[in-house]
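# Working through the structure, step by step
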Amino acid sequence: MTLQESGAPQRDWDKRNESVTRSGSVRGMRAIANLITKTLVITEVEVRKLLHDPTDLLLRAVQPALWLLIFGQVFTRIRAIPTGSLSYIDFLAPGILAQSVLFVAIFSAISIVWERDLGIVHKFLASPTPRAALVLGKALSAGVRSLVQVVIVYLISFLLGVQLNFNPLALLGVVLIVLLGAACFSLLSLMVACLVRTRERLMGMGQLMTMPLFFASNAIYPIAMMPNWLQAVSHLNPLTYQVDALRSLMIAGGSSIYGLGLDFMVLGITATLMTLVCARLYPRLVL
Amino acid sequence: MGVTEQTNRQQNWEDQPPLQSDRPIIIQTQMLGRSFDQVIAVDALNLSVEAGEIFGLLGPNGAGKSTAIKMLTTLLPPTSGRATIAGFDLIRQSTQVRRMVGYVPQALSADGTLTGYENLLIFAKLYDIPRRSLKLRITEALEFMGLQDASHRLVRTYSGGMIRRLEIAQSILHQPPVVFLDEPTVGLDPIARSAVWDLMLELKKAYSMTILLTTHFMEEADSLCDRVAIMDHGRVVVTGTPAALKDSLNSESLNGKSLNGAAATLDDVFIHYTGNLLEAGGNFSDTSRVRRTTKRLG
């Protein structure tokens, strides 16, 4: 009845399927290796697209530039915000980096809704790619786009005389925090996309989410200035921990309030949970 | 395509024995069904598709063809029944099933912002084609589809027919024994359409692939399919070879219902089993999807 029983063609995929039947630990290792490889393949799609058409990235450079140049310059002069030992522009630069990452990530699922309206998502879901890899690949894609923002914000900050920390380990830390932050918010975007399912509604939701996430955080002012209820909200906001980590890693003489360990943990756990949720929701996009 | 060329390609790409006379069943569904809330999209589907045949799932829009294909490609979990594909259980062994099937969705599924080569490269990697044979496999697929000259152009510059060919190439890169094509020629002009037909016949001949396609073009079904099943309102109303179905209608017309003397076409069979075509035109989302695809491909 079946192909196997009837002795019909056994080809190389049968060997691939056999590998699945090995012992538990080998299987686990293979599953993880497969997850990583496939995540990178999905990310490769994004990188190739960016290489074909980088205009989007350049357009996205405008917003952080305006924030740093206009908002930053004015508020540095007003000296209205108590930023401790840091000048306001030093305080602001990591916040603006986190903001650009947030903006890139929160709208990242729009392209996924577009791919769903075509048949692209269908074809990816019909392939043997683990769902978690499809989702993580999209998260890492947003991370890659965000790394371009890092370069732009560093460049503008340098020109504005921000006291940047160029220690290689600190730079590596910035890269990791940006990748984690982008993952958190692009997965949030993906989750919302799976629920609202149209581009128009996702645009609206993106606008709706950006403002509270940005203003209920320590991005442009210290949390200590906020009323108590808003402080409580800000402490639940992953962006707060991203900015906190960036402030200690990016700025010479900057320091973390919550500790880098907690910052990494909050972002890491958020990203992991969101991945699990999104991996379950993603196949619903094509129903 | 010349015969020698084909034999050559067959050795490179495929080492499958020739068609057997008693062909095994490669797709088997038992009472497979899917309902959305109160609406039954597919009702108790029983299909047996033999290895190496081109099987057509016909029916008006909204008959449940796409839902059936989505279930068989593991995109949509069935709400009742079971199915096996190439010996693997659709529900319990979905990952293995995914390795066994190729899928060309109805809507445009090649990425317009990548080149043809890149579209193939990504799927070759997702289907674990070994790194050393990656380039060769892609080059062969491009040649088979006649796309080698356009391989480094962005897909958004392709014509509708080229895009369909690329999509079919993507779906067979991993040499699956079964390929599902959902309305493969919708929105194509007559020339591109017959080119896709030739392609499918070649896939069947050269690689012994089993092809299950949905269509509502009876001419397509008649010239391509070894067997067809006509679906209406989620149920298969009749299954058979196009010739047998036409014959049965011819003999039936002798007993009363007249076809005005002409021999029955598959169109007549279709209308006979599904009733008035105008009433079963599919819903708004079906229509908008088909038109959108048509626009993009055209």
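Just above, that's the structure.
Cut-offs applied
- Residues numbered from 1 in each chain as written.
- Chains lettered and ligands numbered in written order.
- Predicted model: local features only at pLDDT ≥ 70, side-chain atom pairs only at ≥ 80, totals over all residues.
- Heavy atoms only, no water.
- Helix = DSSP H or I, 4+ residues; strand = E, 2+ residues; numbered from the N terminus.
- Buried < 20%, exposed > 50% of the residue type's maximum accessible area, 1.4 Å probe, protein only.
- Pairing = 2+ DSSP bridges.
- Core = buried A, V, L, I, M, F, W, Y, C linked by side-chain atoms within 4.5 Å.
- Contact = heavy atoms within 4.5 Å.
- Axes fitted to C-alpha atoms, helices over the stretch in contact; angles between N-to-C directions.
- Disulfide = S-S within 2.5 Å.
- Lys, Arg positive; Asp, Glu negative; His and termini not counted.
- Salt bridge = Lys/Arg side-chain N within 4 Å of Asp/Glu carboxyl O.

To continue, consider unusual backbone geometry. Residue and element names in this part refer to chain B. Unusually for a residue other than glycine, D37 sits at a positive phi of about 50°. The topology assignment puts D37 in the loop between β1 (25–36) and β2 (39–50). Positive phi, close to 60°, is recorded for D128, a residue that is not glycine. Looking at where D128 falls in the secondary structure, it is placed in the loop between α4 (116–126) and α5 (131–144). On the basis of relative accessible area, D128 is assigned to the partly exposed category, the value being 26%.

All names here are of chain B. Where burial is concerned, most of strand β9 (residues 227–232) is hidden: five out of the six residues are buried. Looking at chain direction, strand β3 (residues 54–58) and β9 are connected through four bridges and run parallel. When the bridges of β9 are listed, G56 appears paired with V228. Judged from the five bridges that link them, β9 and strand β10 (residues 235–240) form a sheet pairing that is antiparallel. Among the inter-strand pairings, A229 is bridged to a residue of β10, identified as T239.

Here we take up the nonpolar core. The biggest cluster of nonpolar side chains holds 168 residues, and the ones touching the most others in it are B:I85 and B:F180. The greatest single-element share of this core, amounting to 14 residues, is contributed by helix α9 (residues 168–196) of chain A. Apart from the residues lying within four places of it in its own chain, the contact partners of B:I85 are B:I26, B:I27, B:L72, B:L90, B:V97, B:V101, B:V178 and B:F180.

Residues and elements named next belong to chain B. Judged by pairing direction, the sheet is antiparallel, and its four strands sit side by side in the order β2-β1-β4-β5 without closing on themselves. Both outer strands of the open sheet, β2 and β5 (88–89), are each paired with one neighbouring strand and no more. Packing against the sheet, helix α2 (residues 65–72) makes contact with β1, β2 and β4 (80–85), and its axis sits at approximately 115° to β1.

Further remarks concern the state of the cysteines. All names here are of chain A. Per the stated rule, a full pass over the model turns up zero disulfides over all chains. Distance from the sulfur of C184, which forms no disulfide, to the nearest cysteine sulfur (C278) is 11 Å. Judged by relative accessible area, which is 3%, C184 ranks as buried. Free cysteine: C278, not disulfide-bonded; nearest cysteine sulfur from C194 at 6.1 Å. Judged by relative accessible area, C278 falls into the buried class, the value being 0%.

As a further point, take the side chain of A:R247. All names here are of chain A. Here R247 is to be found in helix α12 (residues 238–250). It is D244 that comes nearest to the buried, bridge-free R247 among opposite-charge side chains, at 6.2 Å. When sequence neighbours within four positions are dropped, the list of residues in contact with R247 reads L86, F91, P94, G95, N218, A219, G254 and S255.

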